[in-house]
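Working through the structure, step by step
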Amino acid sequence: MKLRFPLETLAGVLTWLLVSALTLLILQRLPGEQPIVLVTLLLLLYGIGFILLTQEHHSCGLSGRYGRYLLWLTLLCAFSLLVILPPRQFDYLSILTIIWVCLLPHSMSQRRALLLSAVIVVSWFSLQAYLEQRSLWITASLYGAFHLFAVIMQSAITAEQQAKQALAAKNLELQSAQQLLLAASRQNERMRIARDLHDLLGHHLTALTIQLQIACYHTEGEAKQQVEQSLQLARLLLSDVREVVSSMREHSDLNLQQLLKPLLASLPKPLQVELDIPAELSLSGVLPAQHILMLVREAISNTLKHARATKLCISARVDQQHVVLTITDNGQVVSNWQSGNGLTGMQERLAECGGSLQVSDHTGAMRLELRLPQEHVRV
């Protein structure tokens, strides 16, 4: 069974529900008029904010456009509850900040997360001590340790996820290299067989044809007729050999569609790939094939790591003197994104082949357009 939310998100939601239910239950039993409506709204806002922050494909997620604002809004809700609720009745309320600090390792380094957690703990219990007019250093020490423990554990989980992503990227690179090696080996073997047929069998058939021509001049009658038939068969066989050699040389190019299919077949299931490449489109050498495979692999890695897309489209078309390979997805990129080492490496690879790379924004997602000179491609 596939869970809708990750386990850490589910644990945070259940903890928030328990804290909310306990807070409202205690608040109802207190004498006098209590701000139940306002407390309920703050608890709901905190819980909804936490759920949205843990959604990868949402604009309010931690990596989304409004994630940083929502992150601080949920913390403000927790501090507002501390101020509004009656003192000395809700010492457990700091659990909300423990849930909150678990989000920090997903948006900053472990060192900054630990430092910010310490600031939150000091601020929280200083405010609580001021409101309740009592010393809370023992409680602050215990809850502070829980905060640090939560940050360290979540940092370890985040590091493990990043390691898995890096391993998946290396696996894609290895599969690309393996597929290219197999294709290059097939191409080299095909060329070797074509050369052997031309140099050995073609040479012997040519010599046999010459000998049969000479034999025609030295024979008469029925024997000459048999020799002439043999000569015709030798010439026909030599012609067939030449056609086979020419065909093998013409089909020795690396088919682009066949090169990409094994790479795309190993992608994670949530990512669907649409391949729109003409079946007859082939690359004329190993070097452009290597560059195209690496470029597509890098684009897929960027899609999985940054865009968080569920659909990837790869298409190719012939445009005047170039072959254009377009890669788009349905993900979302941050508004202030900057070109990194991945895109720079892609531009360098294309420059080696005389090509170019154009990066644009397509409905909020990144669109890559790779142009390769037609001399490297055969249609």
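The rules behind the values
Residues numbered from 1 in each chain as written. Predicted model: local features only at pLDDT ≥ 70, side-chain atom pairs only at ≥ 80, totals over all residues. Heavy atoms only, no water. Helix = DSSP H or I, 4+ residues; strand = E, 2+ residues; numbered from the N terminus. Contact = heavy atoms within 4.5 Å. Areas by Shrake-Rupley, 256 points an atom, 1.4 Å probe, with all protein chains shown as cover. Pairing = 2+ DSSP bridges. Salt bridge = Lys/Arg side-chain N within 4 Å of Asp/Glu carboxyl O. Buried < 20%, exposed > 50% of the residue type's maximum accessible area, 1.4 Å probe, protein only.

The chain has the name Two-component sensor histidine kinase in an unreviewed UniProt entry, where Alishewanella longhuensis is given as its organism.

1. Side note on the overall build of the chain
For the chain, the helix and strand inventory stands at 10 helices and eight strands. A separation of at least 24 residues holds for 69% of the contacts in the chain among residues at least 6 apart in sequence. Surface summary for the chain: the accessible area is close to 22,000 Å², and the carbon and sulfur share equals 59%.

2. Section: the pairing of strand β4 (residues 311–319)
As judged from the five bridges shared by strand β2 (residues 272–276) and β4, these two strands associate in the parallel manner. If you follow Glu 274 over to β4, its bridge partner there is Cys 313. Pairing analysis gives eight bridges linking β4 to strand β5 (residues 322–329), with the strands arranged antiparallel. Paired with Ser 315 across the two strands is Thr 326, which belongs to β5.

3. Considerations on the pattern of salt bridges
Opposite charge on two side chains lets them pair, provided their charged atoms get close. Throughout the structure, instances matching the rule amount to four salt bridges. Residue Asp 91 pairs with Arg 134 through a salt bridge whose shortest N-O separation is 3.0 Å. Of this pair, Asp 91 sits in the loop between α3 (67–84) and α4 (95–101) while Arg 134 sits in the loop between α5 (110–132) and α6 (137–217), placing them 43 residues apart in sequence. Note on Asp 91: relative accessible area 31%, which makes it partly exposed. Among the residues examined, Arg 134 registers a relative accessible area of 26% and is labelled partly exposed. Between Lys 164 and Glu 160 there is a salt bridge whose closest N-O contact spans 3.9 Å. Residue Lys 164 and its partner Glu 160 are both found in helix α6; the two are separated by four residues, about one turn of the helix. Note on Glu 160: relative accessible area 46%, which makes it partly exposed. Overlapping salt bridges, with partners in common, bring together Asp 91, Glu 132 and Arg 134 in one network.

4. Some thoughts on the side chain of Ser 117
Looking at where Ser 117 falls in the secondary structure, it is placed in helix α5. The exposure class assigned to Ser 117 is buried, which follows from its relative accessible area of 0%. Once residues within four sequence positions are removed from consideration, Ser 117 is found in contact with Val 101, Leu 104, Leu 148 and Val 151.

5. Looking at unusual backbone geometry
The backbone of Gln 133 sits at a positive phi, close to 55°, despite the residue not being glycine. Topologically, Gln 133 is positioned in the loop between α5 and α6.

6. With respect to the environment of Val 122
Along the chain, the position of Val 122 falls in helix α5. A relative accessible area of 55% means that Val 122 is categorised as exposed. As for Val 122 and Ala 140, which are separated by 18 residues in sequence, their C-alpha atoms are 7.6 Å apart.

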